[in-house]
Amino acid sequence: MSPSLVIYGAYGYTGELVAREAAARGLPVVLAGRDSERLARLGRALGRPWRAFPLTDPEALRAGLQDAGAVLHCAGPYVDTWRPMAEACLEARVHYLDLAGEAGVYRALAAMGLHAERAGVMLLSGAGFDVVPTDCLAAHVARRLPGAIRITLAIDALGSLSRGTARTVVAHAGDADARELNPHQPAARTFDLGSGRLQAVQVPWPERVAVPRSTGVEDVAVYLCASQARRVLLRAVPAVAPLLALPGARALAVRLLTGGAAGPDAEARARGRSRVYAEAVDAAGARAAARLALPEGYAFTAHAAVEIAARALAGYAPPGWQTPASAYGPDLVTALPGVTLEDLPLARAT
């Protein structure tokens, strides 16, 4: 029997998108999560087996990974769920993938990298929109400019959020990671991502952990292009975080962020587009920049995560802590459907 891909959290909004894509590609999928009723319904719809087990029961978790070659962990907020799954994967010698957008999870997995390398296991966070496009584009511009000492990223993709994404945003509103910006780069900038200059604010996203792994460049800043109202909201998050401890406040915040929907519907996913910009600068001031045009973020995530999972199942999974670009190179992103790359002219130092 060939090793299976266990998709944990398969009945969540993003998990189901991933599960449907994996089934459509013919991968040997096992659906997993805590809720047996929801798993059974999805299993019938996709014609795939399922296993219900909690992450809090080590014995059940070990049994749930039987015959697995890789786990695609889709149950967040990942700060609450990554450790038992990653540790079980190391024990069972199963490759671990997740969709985390939480910088602290990346740091924690990085700390387990040597253990994973010795076990022959790949630990890869950010197999979706967080952080495949940004990580790969950063590696691409660093490849264009050997000797780069600074990398700057800008993202234009803030459409509708799923409930899971919103819960993660709310859960981390008061964390130190949610305030950790790059002090060497400005708090706000403008960028041209292909349709004129846009205002953007710096955000403490996990690329600040991932990109140094894939490029060797430590000075990394990430910017989010957003309307004035959303820029004000992003700056206000640390100040209002204490209010989220009030009874019912987190549930209300999730409803406000999502409009009460589970996530973007099929039409919105088909219609939506996202864009990413990256620039690398060397010590002399030379600059290499490039832009990506991509599908809507959740649609992209399904394609990217399943492509990475398929490669891991096929045996292409470098052991240790990896990022998408460190494991599969800058060109991973352009191999995915609907992605186009535009290199901007090199700007030489004067």
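Described in the following lines is the structure provided in the data block. Bear in mind the structure is a predicted one, so any value in this text is a computation, not a measurement. (Residues numbered from 1 in each chain as written. Predicted model: local features only at pLDDT ≥ 70, side-chain atom pairs only at ≥ 80, totals over all residues. Heavy atoms only, no water.)

1. Quick notes on the overall build of the protein
What counts here: The way it works is that DSSP assigns letters per residue, a run of H or I at least four long becomes a helix, a run of E at least two long becomes a strand, and they are numbered from the N terminus. Burial status follows relative accessibility: with a 1.4 Å probe on protein chains alone, a residue under 20% of its type maximum counts as buried, one over 50% as exposed, and anything between as partly exposed. Contacts are residue-level and defined by heavy atoms, with any inter-residue pair within 4.5 Å sufficient.
Of regular secondary structure, the protein possesses 14 helices and 14 strands. Expressed as a percentage of its 350 residues, the buried residues of the protein come to 53%. The contacts in the protein between residues at least 6 apart in sequence include a share of 72% that link residues at least 24 apart.

2. Examining the pattern of salt bridges
Condition: A pairing counts as a salt bridge when a side-chain nitrogen of Lys or Arg comes within 4 Å of a carboxyl oxygen of Asp or Glu.
Scanning all chains against the criterion turns up 12 salt bridges. Between R275 and D156 there is a salt bridge, and its shortest N-O distance comes to 2.4 Å. Of this pair, R275 sits in strand β11 (residues 273-282) while D156 sits in strand β7 (residues 148-156); the two residues are 119 residues apart in sequence, bridging distant segments of the chain. Connected through shared salt-bridge partners, R25, E307 and R311 make up one network.

3. Description of the pairing of strand β9 (residues 197-203)
Counted only if it meets this: The pairing criterion for strands is at least two bridges between them, as found by DSSP.
Examined bridge by bridge, strand β8 (residues 188-192) and β9 share 5 bridges and lie antiparallel to one another. Across the sheet, the residue bridging to F191 is L198, located in β9. Between β8 and β9, which pair antiparallel one after the other, the connecting turn spans 4 residues, and G194 there sits at a positive phi close to 125 degrees. Across 4 bridges, the pairing between β9 and strand β10 (residues 219-225) is antiparallel. The partner of V201 across the bridge, within β10, is L224.

4. Re the sheet that holds strand β5 (residues 95-98)
What counts is decided by this rule: Think of each axis as a best-fit line through the C-alpha atoms, taken over the contacting stretch in the case of a helix, with angles from 0 to 180 degrees between the N-to-C directions.
The 7 strands lie next to each other as β3-β2-β1-β4-β5-β6-β13, forming an open sheet whose pairing is parallel. On the outer flanks of this sheet lie β3 (50-52) and β13 (320-322), each paired with one strand and no other. When the angles between neighbouring strand axes are averaged without regard to direction, this sheet yields 20 degrees. One ladder, built from 4 bridges, connects strand β4 (residues 68-73) with β5; its direction is parallel. Directly across from H73, in β5, lies its bridge partner D98. Its contacts with the sheet put helix α1 (residues 13-24) on β1 (4-8), β2 (29-33) and β4, and the angle it makes with β1 is roughly 160 degrees.

5. Points about the packing of α1 against helix α2 (residues 36-46)
Note the following rule: Comment on the angle field: the value is read as roughly parallel under 35 degrees, roughly antiparallel over 145, roughly perpendicular from 65 to 115, and oblique elsewhere. Whether a crossing is left-handed or right-handed is set by the direction in which the near helix is turned from the far one by less than a right angle, anticlockwise for left-handed and clockwise for right-handed. Residues are sorted three ways: Asp, Glu, Lys and Arg are charged, Ala, Val, Leu, Ile, Met, Phe, Trp, Tyr, Cys and Pro are nonpolar, and all the rest, Gly among them, are polar.
Their axes nearest at 11 Å, the elements α1 and α2 cross at an angle of 30 degrees. Looking at the two axes, α1 sits roughly parallel to α2. The interaxial crossing formed by α1 with α2 has right-handed handedness. In this structure, α1 uses E16, A19, R20 and A23 to contact α2, whose residues at the interface are L42, A45 and L46. Along the lines of polarity and charge, the residues of the contact of α1 with α2 split into 5 nonpolar, no polar and 2 charged.

6. Let's talk about the layout of surface pockets
Which entries qualify depends on this criterion: Put simply, the grid is 1 Å and covers the protein atoms alone, a cavity is a trapped set of points that fit a 1.4 Å probe, a pocket is an open set with protein on both sides within 12 Å along at least five of seven lines, and lining residues have an atom within 4 Å of a point. Grid points are joined across faces, edges and corners, and a volume is the space filled by probe spheres set on the points.
In this model, the second largest pocket occupies a volume close to 180 Å³. Lining the second largest pocket, in full, are L17, E21, R269, A270, P295, A299, A302 and H303. Put simply, the parts of the chain that give the lining of the second largest pocket at least two residues each are α1, α12 (266-271) and α13 (297-313). Of the residues belonging to the lining of the second largest pocket, the class tally is 5 nonpolar, 1 polar and 2 charged.

7. Here we look at the environment of P212
Within the element layout of this structure, P212 appears in helix α9 (residues 207-215). You can call P212 buried: its relative accessible area is 13%. Non-local contacts of P212, meaning those with residues more than four positions away in its chain, are made with E207, V217, E218 and V220.

8. As for the packing of helix α7 (residues 132-144) against α9
The interhelical angle for the contact between α7 and α9, taken along N-to-C directions, is 40 degrees, at an axis separation of 9 Å. Accordingly, the angle class assigned to the pair α7 and α9 is oblique. Crossing geometry of α7 relative to α9 is assigned as right-handed. Contacts from T134, D135, A138, A139 and A142 in α7 reach E207, A210, V211, S214 and T215 in α9. Grouping the constituent residues of the contact of α7 with α9 by class yields 5 nonpolar, 3 polar and 2 charged.

9. Description of α1
Within an α-helix, residues lying three or four positions from one another point in the same direction, as the helix has 3.6 residues per turn. Inclusion rule: Helix span, expected: 1.5 Å multiplied by one less than the number of residues in the helix.
Taking 1.5 Å of rise per residue, the 12 residues of α1 would be expected to cover 16 Å, and the 17 Å separating its terminal C-alpha atoms lies within 8% of that figure. By the criterion of burial, α1 is predominantly enclosed, with 9 of the 12 residues buried. Along α1, the positions that sit buried rather than exposed are Y13, T14, G15, L17, V18, A19, E21, A22 and A23. At the exit of α1 stands G26, carrying a positive phi of roughly 80 degrees.

Honestly, it's all geometry; don't read function into it.
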